[in-house]
Structure formats: C-alpha cells, structure tokens
Amino acid sequence: MPGITPEEVAHLGRLARMELSREELDHFAGQLDDIIGAVARVSEVAGEDVPPTSHPLPLTNVMRSDTVRPSLTPQQALSGAPAQEQQRFKVPQILGED
C-alpha cells in the first residue's frame, strides 16, 4: 500500500480549513500513514468468528439499591429561596414565553 503523501495531507488540510507548513505536512503524512497501517493490521486480525466489541472486558454497571431515606421537605428546600411559587423555585423569565 503506498504511503500518504504530503499533497494528500495538504488536501485534507484545505478541507478542514487548516493552514499547514511544509514541516507539518511531512510530519502528518508519516503519522497518518502509521495510523492507516495500524487499522489495516487490526482488520487482518479480526476474522468473521470474532464479534465486534467496544471494550476488551465485559462491563457491568454498579448501582446501589434504591432505598427511601429521609430528605428535605419542600418547605425546607425552599426556605432559602429568594422567591417561590407553588412549591417551586421562582426565577426570572428569560425566553419571553408565558
């Protein structure tokens, strides 16, 4: 497989509206070539009998049990509010809607 050329990197830079120096073009061409090579190696290893995964190890979500515990009453929660209405915090209107 031929390597990525600095001209191809310049084209990508123009598409991304990035101005790149000649040194950056040469540097990024090598890096992109390495990335494409690594992706190609992964594609060679993954056979049809290997299922696609997002993580190498299975993930389990650790959650605590949902238990009712004492908490603030609405009156206690709103006790420090500068304004309240119908057991809710009242804030200034910002969108011009009713």
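Scroll up to find the structure this text is about.
What this report covers is the structure whose coordinates are included nearby. Nothing here was measured: the structure is a model prediction, and the numbers come from that model. (Residues numbered from 1 in each chain as written. Predicted model: local features only at pLDDT ≥ 70, side-chain atom pairs only at ≥ 80, totals over all residues. Heavy atoms only, no water.)

Turning next to helix H1 (residues 6-15). Those residues of H1 that fall on the buried side of the exposure criterion are Pro6, Val9, Ala10 and Gly13. Seen along its axis, H1 keeps its buried residues to an arc of 105°; they face one direction. With respect to the buried face of H1, the exposed residues turned more than 90 degrees away are Glu7, Arg14 and Leu15. Taken from the residues just after H1, Arg17 is the one with a positive phi, measuring 55°. (Buried < 20%, exposed > 50% of the residue type's maximum accessible area, 1.4 Å probe, protein only. Helix = DSSP H or I, 4+ residues; strand = E, 2+ residues; numbered from the N terminus. Arc of directions from axis to C-beta.)

As a further point, take unusual backbone geometry. Residues apart from glycine generally show negative phi values, whereas peptide bonds are mostly found in trans. Although it is not a glycine, Gln86 adopts a positive phi angle of roughly 50°. Assignment of secondary structure puts Gln86 in the loop between strand E1 (84-85) and strand E2 (88-89).

With that settled, the discussion passes to helix H2 (residues 22-45). With 24 residues, H2 should cover 34 Å at 1.5 Å per step; its first-to-last C-alpha distance of 35 Å lies within 8% of that length. All of the buried residues along H2 are Leu25, Ala29 and Gly37. Taken together, the buried residues of H2 touch H1. (Expected span 1.5 Å × (residues − 1). Contact = heavy atoms within 4.5 Å.)

Our focus in this paragraph is the pattern of salt bridges. What the rule picks out here adds up to two salt bridges. Here Asp26 makes a salt bridge to Arg22, at a shortest N to O gap of 3.8 Å. Residue Asp26 and its partner Arg22 are both found in helix H2; the two are separated by four residues, about one turn of the helix. Residue Asp26 is classed as partly exposed on the basis of its relative accessible area of 41%. Here Arg22 falls in the partly exposed class, since its relative accessible area comes to 46%. The salt bridge involving Lys90 is made with Glu85; its shortest N-O contact spans 3.4 Å. Judged by relative accessible area, Glu85 falls into the partly exposed class, the value being 45%. (Salt bridge = Lys/Arg side-chain N within 4 Å of Asp/Glu carboxyl O.)

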